[in-house]
Amino acid sequence: MANNDRKPVPLEFEQPLLALAAQIETVEKQLADNPDIEEDLTRLHEQYELLRRSLYAKLRPIDHLAIARHPQRPYTRDYFERWDPNWLELHGDRKGADDPAMVTGLVQLAGHKLVAVGTQKGRSLKDKQACNFGMPQPEGYRKALRAFHHAQKFGLPVVTLIDTPGAYPGMTAEEHNQSEAIAINLLELAGLTVPVVAVVTGEGGSGGALAIGVANRVLMLEHAVYSTISPEGCASILWRSADKVSEACQAMKMTAREIFHLGVSDEVIEEPLGGAHHDYALTANNVAAAVARHLDDLCKLTPAQVRSARQSKFRRMGSMQDAH
Amino acid sequence: MDLKEWFASRQKRRDNPEVKQPLTTEEYCALWTQCFQCRELLYTRDLRGNLFVCPKCQYHFRISALDRIEQMVDEESFQELDAGLCSADPLQFVDTDPYPKRQEEATRKSGLKEAVVTGVGKILGRTAAIGVMDFGHFGGSMGSVVGEKVARLIEHAQKNKLPLIIISSSGGARMQEGILSLMQMAKTSSVLKSFSDAGLLYISVLTEPTYGGVTASFAMLGDLIIAEPGARIGFAGRRVIEQTIRQKLPADFQTAEYLFKHGQVDMVVERVKLAEVLAHLIDFHSGKRGDKVQTTQASGVKTSASRA
Ligand SMILES: [Zn+2]
């Protein structure tokens, strides 16, 4: 089982904290020789906590993005393993491929038997390359589709975990019809009569995320982001400058809170202070509790109601005016 | 300018081709169009008469939604739907310019309120629900209004049991509407699911260019998919792919013909034959299940299949 025993790697905006931590360390070393400074140490610890809280209370959108992309962030398998140590992975799209960037399996969670689907980023360089940095090929979306059909046939709810920069932009991806692979998932997800809950756990990158995100309930982890295009892509197209990523992050309103206020997500799930990578077990628990609560809710509906609720949810989305 | 005025002024121009005033440079340039492909200088009026297809090399020029409707839909048969819908600014989005200013600019350039025109019209006598996207308006990008108009068109077609035809041309999602533009993919696909379950026909026509969120939603979901010759169609843009895979792509990559070769579209149809092919497809899929084709001749049973 993957774990996060390693010390969390700090992010750029956490530098002030690091400076304070270094100071604490120095004082701690002197403590044996000079017991008088114990009070100072306590004060420093308090300062550290205060700074940490205030830092995380006013993160900029680009800071959330950095946390969402943190190399130690828990990935899909980390959740499935913690939810159900006996979970069984299902492989392949039955058409000629098994995309490692998309994971499908049978998972039990809080008494619910479910078909679980999620994008997967790699941890080691080798894994990262195998998983295409979390960017599925069309075959990955077709693998997910096969899992959705399985769920539909056996009346099992679907839970999807989303953490992807987007669908892979490659030559064979286009030749194998990436567009169709995404589009058909949107269509088929809309038609399922079993409950679907989606959680954006990290990056919700564009159509490649939505392809497993047409759900009755869309939840987002506190530092997760969800956008139409990557902020880098947005900055280069609209500002014609790679330096405007922070501005693009801000303008696109891509953080969990903003997405919630735009009515696109239903709940923001709290993360451990500092981000999910500080405590995998707590994060997995928080997500499990939220998912189970929504599933309990949805299981009260009839299959037809489950489908029509999902369809009308997305039917309502948008913002416009009628001049007539 | 609404659709009626536009057609009326088009008629006036056609009836009165003599230009009395001396030409400004802009007007003079508008008289001539250079072919993007063979570089031939073409007299714009002739080009228009040839449906904006280069008579020398058959290059299919990008055309506006209104030109498309004029070419493809029977005269005076088009009834526009939801003409008044226009964008809001849900994110109060500002890049180098505020979104509302960009919208005004787009409208000034295209004469349209939004990047799709929807309605009901006849194609060689067959009634259909028709949506036509216009790349000239905000790059044909899909925001809330495009998604809503397409969704309403599909619902209208389902309610009235009409075949649905959508001519796509789009650079993708409207970034200025953030996540709400992405959700239009889910919205249109979800509405298409009900339409499809009702057993109705949807023909998607892909034209130069169709990319991103539009390709990855309703444009690729046709029961039948037609592409115009030379049209570039894909999910990711060529440049993004080249940067990602760090190699040059074939020259014909993402063209209609390339997609055809890879099994992604049913046919590549020249503009001049489009209405005819659409009419044939509508006829073929209409009537009750198990109906046989009516023939006037007593002998020699003519089946639909042999006609195709
Ligand atoms: Zn030419």
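Residues numbered from 1 in each chain as written. Chains lettered and ligands numbered in written order. Predicted model: local features only at pLDDT ≥ 70, side-chain atom pairs only at ≥ 80, totals over all residues. Heavy atoms only, no water.

## A few points about the overall build of chain B
Next, step 1: Along its length, chain B carries twelve helices and ten strands.
Next, step 2: Partitioning the intrachain contacts of chain B with sequence separation of at least 6 by distance along the chain shows that 66% fall at a separation of at least 24.
Next, step 3: Counting every atom, chain B has about 15,000 Å² of accessible surface; 50% of that belongs to carbon and sulfur. (Helix = DSSP H or I, 4+ residues; strand = E, 2+ residues; numbered from the N terminus. Contact = heavy atoms within 4.5 Å. Areas by Shrake-Rupley, 256 points an atom, 1.4 Å probe, with all protein chains shown as cover.)

## With respect to the coordination of the zinc ion
Residues and elements named next belong to chain B.
Next, step 1: Looking at the zinc ion, one finds its protein donor set to be Cys35 (SG), Cys38 (SG), Cys54 (SG) and Cys57 (SG), positioned 2.2 to 2.4 Å from the metal centre.
Next, step 2: Its four donor atoms give the zinc ion angles of 105 to 113° at the centre, a pattern that matches the tetrahedral case.
Next, step 3: Within one chain, the residues serving as donors to the zinc ion are arranged as C-x2-C-x15-C-x2-C. A residue pair is termed long-range when its members are at least 10 positions apart, and Cys35 in the loop between β1 (32–34) and β2 (41–43) and Cys57 in the loop between α3 (44–49) and α4 (65–72) qualify at 22 residues. (Donors = N, O, S within 2.8 Å, 3.2 Å for Na, K, Ca; no water. Tetrahedral: all angles 85-135°; square planar, octahedral: opposite > 155°, others 65-115°.)

## Regarding the interface of chain A and chain B
Next, step 1: Contacts between the two partners involve 50 residues from chain A and, on the opposite side, 60 residues from chain B.
Next, step 2: Where chain A packs against chain B, one counts four salt bridges.
Next, step 3: In this structure, the salt-bridge partner of Lys193 of chain B is Glu188 of chain A, at a minimum N-O distance of 3.7 Å.
Next, step 4: The interface formed by chain A and chain B includes 20 residue pairs in polar contact (both at pLDDT 80 or more).
Next, step 5: When residues of the side of chain A that touches chain B are traced back to their parent elements, those giving at least two are α7 (171–175), α8 (178–191), α9 (206–210), β7 (225–227), α10 (231–239), α11 (245–252), α14 (303–315) and β9 (320–322) of chain A.
Next, step 6: Top contributing element to the side of chain A that touches chain B by residue count: α8 of chain A, with eleven residues.
Next, step 7: Of the residues that constitute the side of chain A that touches chain B, the class distribution is 27 nonpolar, 15 polar and eight charged. (Salt bridge = Lys/Arg side-chain N within 4 Å of Asp/Glu carboxyl O. Polar contact = N/O pair within 3.5 Å; in protein donor to acceptor, adjacent residues only side chain to side chain. Nonpolar A, V, L, I, M, F, W, Y, C, P; charged D, E, K, R; others polar.)

## Observations regarding the pattern of salt bridges
Next, step 1: Taken as a whole, this structure holds 38 salt bridges over all chains when the rule is applied.
Next, step 2: Ionic pairing is found between Asp40 of chain A and Arg43 of chain A, a salt bridge with its closest N-O pair at 3.6 Å. Of this pair, Asp40 of chain A and Arg43 of chain A both sit in helix α2 (residues 38–57), three residues apart, which is roughly one turn of the helix.
Next, step 3: For Arg43 of chain A, a relative accessible area of 48% gives the class partly exposed.
Next, step 4: Of the charged contacts, one joins Arg73 of chain A and Glu271 of chain A as a salt bridge, the two residues approaching to 2.8 Å between their closest N and O atoms. Placement of the pair is Arg73 of chain A in the loop between α3 (61–68) and α4 (76–83) and Glu271 of chain A in the loop between β8 (267–269) and α13 (280–298), with a sequence separation of 198 residues.
Next, step 5: Look at Arg73 of chain A and you get buried, because its relative accessible area is 0%.
Next, step 6: With relative accessibility at 4%, the residue Glu271 of chain A sits in the buried group.
Next, step 7: Salt bridges sharing partners connect three or more residues here, namely Arg315 of chain A together with Asp82, Glu148, Arg152, Glu155 and Lys187 of chain B. (Buried < 20%, exposed > 50% of the residue type's maximum accessible area, 1.4 Å probe, protein only.)

## Side note on the domain arrangement of chain A
All names here are of chain A.
Next, step 1: Domain annotation for chain A reports domain 1 (14–58) and domain 2 (65–316).
Next, step 2: In this structure, domain 1 and domain 2 have C-alpha centres spaced 38 Å apart.
Next, step 3: Counting residues at the interface gives five residues for domain 1, matched by five residues for domain 2.
Next, step 4: Counting each side, the surface lost to burial between domain 1 and domain 2 is near 420 Å², with a carbon and sulfur contribution of 63%.
Next, step 5: Per-residue buried area on domain 1 facing domain 2 is highest for Arg52, Arg53 and Tyr56; these three make up 90% of the total on that side.
Next, step 6: Inspection of the domain 1/domain 2 interface yields zero salt bridges.
Next, step 7: Counting every contact that joins domain 1 to domain 2 gives one residue pair in polar contact (both at pLDDT 80 or more).
Next, step 8: Looking at side-chain class alone, the side of domain 1 that touches domain 2 contains one nonpolar, no polar and four charged residues. (Domains from an automatic or database assignment. Buried area = accessible area lost by both parts, 1.4 Å probe.)

## Concerning the sheet that holds strand β6 (residues 126–133) of chain B
Residue and element names in this part refer to chain B.
Next, step 1: Sheet architecture is open: seven strands sit in the order β3-β5-β6-β7-β8-β9-β10, paired in mixed fashion. The open sheet has two free edges, formed respectively by β3 (79–81) and β10 (267–268), since each of these has just one partner strand.
Next, step 2: Pairing of strand β5 (residues 116–123) with β6, which is carried by eight bridges, proceeds in the antiparallel orientation. Within β6, the residue paired with Gly121 across the bridge is Ala128.
Next, step 3: Sheet strands touched by helix α6 (residues 144–159): β3, β5, β6 and β7 (164–170). Its angle to β5, the strand with the most contacts, is close to 25°. (Pairing = 2+ DSSP bridges. Axes fitted to C-alpha atoms, helices over the stretch in contact; angles between N-to-C directions.)

## Description of the domain arrangement of chain B
Residues and elements named next belong to chain B.
Next, step 1: Domain annotation of chain B identifies domain 1 (1–61) and domain 2 (62–307).
Next, step 2: Taking both partners together, domain 1 and domain 2 bury about 1,300 Å²; carbon and sulfur atoms supply 56% of that area.
Next, step 3: When the area that domain 1 buries against domain 2 is broken down by residue, the three leading residues are Leu3, Leu51 and His60, summing to 46%.
Next, step 4: Linking domain 1 to domain 2 there are one salt bridge.
Next, step 5: Where Arg48 meets Asp67, a salt bridge forms, and the shortest distance between an N and an O atom there is 2.8 Å.
Next, step 6: There are six residue pairs in polar contact (both at pLDDT 80 or more) connecting domain 1 and domain 2.
Next, step 7: In terms of residue count, helix α1 (residues 3–15) provides more of the side of domain 1 that touches domain 2 than any other element does, five residues in total.

## Brief notes about the pairing of strand β3 (residues 112–119) of chain A
Residue and element names in this part refer to chain A.
Next, step 1: Judged by how many residues are buried, β3 sits mostly within the fold: seven of eight residues are covered.
Next, step 2: The hairpin turn running from strand β2 (residues 102–109) into β3, its antiparallel successor, is two residues long, and Ala110 in that turn takes a positive phi close to 45°.
Next, step 3: The pairing of β3 with strand β4 (residues 158–164) spans four bridges and is classified as parallel. Looking across to β4, one finds that Val117 is bridged to Thr160.

## Some remarks on the packing of aromatic side chains
Next, step 1: For the structure on display, the rule yields eleven aromatic pairs over all chains.
Next, step 2: Plain terms: the ring middles of Trp239 of chain A and Phe93 of chain B are 6.4 Å apart, the flat faces sit at 50° to each other, and that makes the pair tilted. Remark: Phe93 of chain B occurs in the loop between β4 (85–87) and α5 (99–110) and Trp239 of chain A occurs in helix α10; the pair is interchain, linking two chains.
Next, step 3: Residue classification places Trp239 of chain A among the buried residues on the basis of a relative accessible area of 14%.
Next, step 4: When its relative accessible area of 1% is taken as the criterion, Phe93 of chain B is described as buried.
Next, step 5: Here the aromatic rings of Trp32 of chain B and Tyr43 of chain B are separated by 5.3 Å at their centres, their planes lie at 50°, and the arrangement is tilted. Remark: Tyr43 of chain B occurs in strand β2 and Trp32 of chain B occurs in strand β1; sequence separation between them is eleven residues.
Next, step 6: Tyr43 of chain B gets classed as partly exposed once you look at its relative accessible area, which sits at 29%.
Next, step 7: Chaining the aromatic ring pairs together yields one cluster made of Tyr79, Phe80, Trp83 and Trp87 of chain A.
Next, step 8: One Lys or Arg, Arg123 of chain A, reaches over the ring of Tyr75 of chain A and ends 3.9 Å from the middle of that ring. (Phe/Tyr/Trp six-rings, centres within 6.5 Å; stacked < 30°, edge-to-face > 60°. Lys NZ or Arg CZ within 6 Å of the ring centre and 35° of its normal.)

## Quick word on unusual backbone geometry
Residue and element names in this part refer to chain B.
Next, step 1: In this model, Glu208 is joined to Pro209 through a cis peptide bond whose omega is -25°.
Next, step 2: One can find Pro209 in strand β8 (residues 202–210).
Next, step 3: Positioned with a positive phi, Gln58 is a non-glycine residue whose angle comes to about 65°.
Next, step 4: Position of Gln58 among the secondary structure elements: in the loop between α3 and α4.
Next, step 5: The class for Gln58 is partly exposed, based on a relative accessible area of 40%.
Next, step 6: You will see that Gln254, though not glycine, has its phi angle at about 65°, which is positive.
Next, step 7: Here Gln254 is to be found in the loop between α9 (238–245) and α10 (256–261).
Next, step 8: Residue Gln254 is classed as buried on the basis of its relative accessible area of 2%.

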